[in-house]
Amino acid sequence: NRPADLAAGPVWPNRLPDLGTLAGAGATSLSMASENLRTPYTQQLDLSVEQQLSANVALGVSYLTSRGRRFLAVRDANLGPLGGVFTYRIFDAAGNESGTYATPTYLFANRMDRAYQRINIIESVSNIWYDAMVVQVRNRGLRSGPVSTFGTVAYTWAHTIDENLGGASNNLFFSGGPGTVFNGDFRGEKGSSILDQRHRLVIGHFANLRFKNDPNAFFKYVANNWQLSALMTFASSQNTTPTVTVSGTQFSGAAFTSTLNGSGGSNRVPFLPRGSLDIDTIARVDARLTKALPFGERRRLNLVFEGFNVFNNVSDTARRNQLYRAQAGILRPLPDYGTGSASAGFPDGTNARRLQVSARFFF
């Protein structure tokens, strides 16, 4: 906010003078695009085959693949080269030493320009891999006596791999620093995406009960016009990554104190792969029972009873993924690691069983 700075900007080609010293030497960070920045793009292929098994039943098999290229990632150009090796002692839950972890370190003394904290370079270097097989069986309508049924069974096997790109919100801003354990080591972060879900089975079913067209009040208001629909979902777990919380300075001269090696980047446990902690499987049944009451030819009252997660199979949507706490060069496991921390769901914040009744009048 100095007069000289206000006078200089923001009219191009003027620049703000002494930008690195506005908040004190080494306290200001910059983010900029790489000179080789390119637009990310995807290559996609869908191949489907469908076979009619009978007059009302069809089988479809599809292969889907997508390759994401030149996706954006961050490298800190100011971190400088790696320094000496620091060795951590690893303790188990009982307090006994169970191993060690040695890592090269990033030092403040090795910064390329000490007038700045970070100089983040946004680069077009990351990749995404997605492959899936979908098998679907569709029943277009079967009738057995008074019951008419329709349904689909769809199974999906899929695998999504990336280089720690995170979700959509992780790619809006790039001011926080690298998303890698070691600066610029994007390939070292290759693993299952946080959106990866390997198996998913969805069964949809609809049944309509109608004995016959009969003006008799019993058939008109009691026996006929019942509808039952159900959606059953069974899915394997999504994943999260084990992390380590760093408390205080672990070794002298660290560039940053928030990670084991001093990079200030990803706090993934560096000797465990990304996505190695499963969150929870899903087994859910949603159902709706509808009774239609006709009043003449143009008016109808529908009474509806709905159940969401009918069998109340509550599934975790998040787990506590902090595996270790680092303090004074020692990694100690946290006792609540792997326990559930959320079971979110729409619209009321939980995926526990929910029942509701409603009525609709058509005229």
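Refer to the structure presented above.
Overview of the structure.

The rules behind these values
Residues numbered from 1 in each chain as written. Predicted model: local features only at pLDDT ≥ 70, side-chain atom pairs only at ≥ 80, totals over all residues. Heavy atoms only, no water. Pairing = 2+ DSSP bridges. Helix = DSSP H or I, 4+ residues; strand = E, 2+ residues; numbered from the N terminus. Salt bridge = Lys/Arg side-chain N within 4 Å of Asp/Glu carboxyl O. Buried < 20%, exposed > 50% of the residue type's maximum accessible area, 1.4 Å probe, protein only. Axes fitted to C-alpha atoms, helices over the stretch in contact; angles between N-to-C directions.

Attention shifts here to the pairing of strand S18 (residues 330-333). Judged from the two bridges that link them, strand S4 (residues 85-91) and S18 form a sheet pairing that is parallel. Looking across to S18, one finds that arginine 89 is bridged to isoleucine 330. Here four bridges tie strand S17 (residues 322-327) to S18, and the two strands are oriented antiparallel to one another. Following the sheet pairing, tyrosine 324 is matched in S18 by proline 333. Here S17 hands over to S18 after two residues, with alanine 328 in that stretch at a positive phi of 55 degrees.

Moving on, we come to the pattern of salt bridges. All told, the structure shown has 14 salt bridges when counted by the stated rule. For the salt bridge of arginine 67 with aspartate 131, the shortest nitrogen-to-oxygen distance reads 3.3 Å. With arginine 67 in strand S3 (residues 57-76) and aspartate 131 in strand S6 (residues 116-144), this pair connects stretches of sequence that are 64 residues apart. Assessed through its relative accessible area of 18%, aspartate 131 is described here as buried. In this structure, the salt-bridge partner of aspartate 196 is arginine 198, at a minimum N-O distance of 2.9 Å. Each of the salt bridges in this network shares a partner with another, and the network as a whole consists of Glu50, Arg138 and Arg140.

What follows deals with the sheet that holds S18. One open sheet holds the five strands; their spatial order is S5-S4-S18-S17-S12, and the pairing between them is mixed. Sheet topology places strand S5 (97-104) and strand S12 (243-247) at the edges, where each strand pairs with a single neighbour. The sheet shows a mean angle of 25 degrees between the axes of neighbouring strands, direction not considered.

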